[in-house]
Amino acid sequence: MKEIFVRLSKCVGCRQCEISCALMHSESHDIHRAVWERPLPRQRVRVTREAGEYFPLRCFHCEDAPCVEACISGAMRIDEDVGRVYNDTSRCVGCHMCVMVCPYGSIQIHEGEKVALKCDRCPDEKEPACVRDCPTRALLVREGALIV
Amino acid sequence: MGRLEERSVDPAALEMLNHAEHEGLETVWDRCRAQEPLCGFGNLGVCCRICLQGPCRIDPFGEGAKRGICGATDYSIVARNVIRAIAGGTAAHSDHGRHVALTLLAHLDGHAPDYRIADPAKAEAVARRIGIDPSGKTAAEITREVAIAALRDFSRLEEEPCTWVTSTVTPGMTEKFEECAIMPSNINGAIAEVMHRSTMGVDADPVNLIFGGLKSALADYAGCHLSTDLTDILFGTPRPLKSQANLGVLDPAKVNITVHGHIPLLSEIVVDVAREMEDEARAAGAAGINVVGICCTANEVLMRKGVPLATNFIAQELAIMTGAVDAIIVDLQCIMPALKTLCECFHTKLITTIPFSKIPGAYHVDFREERAKESARRIVKLAIEAFRERDRSKVHIPQAKNEVIAGFSLEAMLGIFASINKEKPIRALVDAIEDGEIRGIALFAGCTNTKAKHDDGHLTIARELAKNDVFIVATGCAAGAMAKAGYMTSGAVDEFAGPGLKRFLHRLSEASGFEGGLPLAFHMGSCVDNSRAVDLAVMIAKEMGADICDIPYVATAPEAMHEKAVSIGSWAVTLGFPTHVGVIPPVYGSTLVTEVVTKIAEDVFGGYFILETDPMKASAKLIEALDYRNWRRKYSAASPAEGLVAE
């Protein structure tokens, strides 16, 4: 199963992944147009800094995802084939139970649309936008077993 | 950016890009790709590196930081960054002018014997314009007074306006600049003020910051204008001449010397010296010496000496890749440091010449005015030596080149207009505007930029505007694009001009007896020579009893790249031109700043920025701007309402 990995020593905290994520989830996919969209596009990754190390925090797509367990409307699902946890926003009622139970704080509340917002791993792309655009290649997609 | 044909519309550039790919040579387009994605914060102008607490950036999507560490919001950060770019441009243009002024004085003091006062009549005309009485004075005396007056625009301590602003714009504009407190009194002071007010903890008011930037922009305008004036005095005011443009001008049989950069102090001398050293080149087995140019140094020597133009900014590396350039002599501005690595793949000698503009690994011939010819001879000798080492198997010169008619200084244009109206030459153009024969005038200026398809914006907009009867003048790398594409020929008039423009240009060609007919686009010179285009606008405005903000005259920089383009664009807006820019400058991070430069500016100055990346849409917007002004002029003439009538 392919996973997104972070090489901690390579992350310089530039936050390009945040920008690329928001752009991927925008209407225009163009930085100069996206900033004029309303509602503003939202990113699903956030660069954090703990103990001097930068870390681009996003959904880990847990095998035993607590958010899927907690979801009352059946919106949060696991795509077993690719190991992806995703939110079917058409079913999401915005109760935010998933936000409460996520151990990583990776799910956010979309204020405007009352739905839970999380990494969808860019299902239509070859690579997730954050991985594709990382200028230092700190983010990588690899087979889980290959990297220890 | 990926596929080669998406990179340029210039056939010579495309041929060389294919060649580069085949040979595994890196170009600016490859490096541009390696930079992608460009930093989103920087692209929007919301990255602040001004103090050491940061760097800070504002989250453009509103979730993260809304203020920098000091509390600066998006609009303060964007405005500070923009005006610092204006200051950078101002420094470049004005330092260029200051250098020419000092050279003139050195010559007059007998320290620069290789120069001469080539155009005493221009010195006299400038003297009269700036209020110096030339009567009874020798050319040398007049020139000295003019040069000193120019230097005073850099050094004035009193709060009096810069001479090169007040003496070149309309009284109405001077009044407006005073009213807005943006009239510079000292070019260096205006730059220093921008740097000061934008440093940590000074000005945070975006509008106030922008006005400070405009003061520097007007200082840039003064610097550009005095550069043009003094260079004309030193090397002659350009007159129409024919030459050729594009990489096909390189001659496989000759020693090819490329002059590149902006300030013609050395390159003019190199052209002369090269003509004297033909025999040495022949002794080395060459058929002679062929001097060609890149960027604005090219425009300067094309305008005055008919030196062929090899290419414009973005394609500078492609000239080296022909393997036929023996030496590339650079002065300052727009010189890619990448040239050095590339020259190492060939026999080409890269020679820097200015003490504060060096590239590691390049030859440096320290250029001094007092021994200009000696410096030039050393350089030409280096080129001839390099020719002996040229590897013929690496030579690949594209055939593409076009004829170009250049040399249209304002004086030259008026000379042509005089064939229709001897008393008031400018009337020829004004009549054509008032009769609706031409829709207005467009100044094409600025650079080339990997963000756009090379030359495409310049040429597409030129075709569209010409088709819609817009009279075209061009400078800088925009002029380079048109020269290479053959738009500066009379053939282009038949091909692209709308019926009105065609009729006007044909009538003008016929009346003036211009050999071979006038071109579609008029080459007015280098980027500092945008001042010539302003002089034309001011003349039209005065003739129409208006200011620039009232006349149908637009400016466009489809591929702006340099800080100099930011400062020129800013003064163009301040002087009253609707100004199109074809790449989005780093302002979109602040709605407020974007609205100020694209909308509010019009309420204050009449000029405003049109930010549009699509050349077809940009053309439509420029035509709309011209039509609006024509409509307003007619309306105000019919019913003189308050505020619509110019003084």
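It should be emphasised that the depicted structure is a prediction, and the values quoted were computed from it without experimental measurement.

Here the focus is the overall build of chain A. Secondary structure assignment for chain A yields five helices and eight strands. For 148 residues, the compact-globule formula gives about 15 Å, and the C-alpha radius of gyration of chain A, at 15 Å, lands near that figure. Dimensions of chain A along its principal axes, counting C-alpha atoms only, are 40 × 40 × 30 Å. Within chain A, the fraction of its 148 residues that count as buried is 34%. Intrachain contacts of chain A at a sequence separation of at least 6 include 55% that bridge at least 24 residues.

Looking only at helices and strands, chain B has 26 helices and 16 strands in total. Along the three orthogonal principal directions, the C-alpha set of chain B runs to about 75 × 65 × 50 Å. Here chain B, with 647 residues, has 59% of them falling under the buried criterion. Long-range contacts, defined as pairs at least 24 residues apart, comprise 76% of the intrachain contacts of chain B with a sequence gap of at least 6.

With that settled, consider unusual backbone geometry. With the exception of glycine, the majority of residues adopt a negative phi angle, and the majority of peptide bonds are in the trans configuration. Residue B:Pro37 is reached from B:Glu36 by a cis peptide bond, and omega for that bond is 0°. As for its placement among the helices and strands, B:Pro37 is situated in the loop between helix H2 (28-35) and helix H3 (40-44). Between B:Gly54 and the following residue, B:Pro55, the backbone shows a cis peptide bond with an omega angle of 5°. Here the phi dihedral of A:His61 falls at roughly 50°; this positive angle occurs in a residue that is not glycine. As for its position among the elements, A:His61 is in the loop between strand E3 (53-57) and helix H3 (66-70). Taking the C-beta count within 10 Å as the criterion, A:His61 has 21 such neighbours and is therefore assigned buried.

Calculation criteria
- Residues numbered from 1 in each chain as written.
- Chains lettered and ligands numbered in written order.
- Predicted model: local features only at pLDDT ≥ 70, side-chain atom pairs only at ≥ 80, totals over all residues.
- Helix = DSSP H or I, 4+ residues; strand = E, 2+ residues; numbered from the N terminus.
- Rg over C-alpha atoms; globule rule 2.2 N^0.38 Å.
- Buried ≥ 20, exposed ≤ 12 C-beta atoms within 10 Å, placed from the backbone.
- Contact = placed C-beta atoms within 7 Å.

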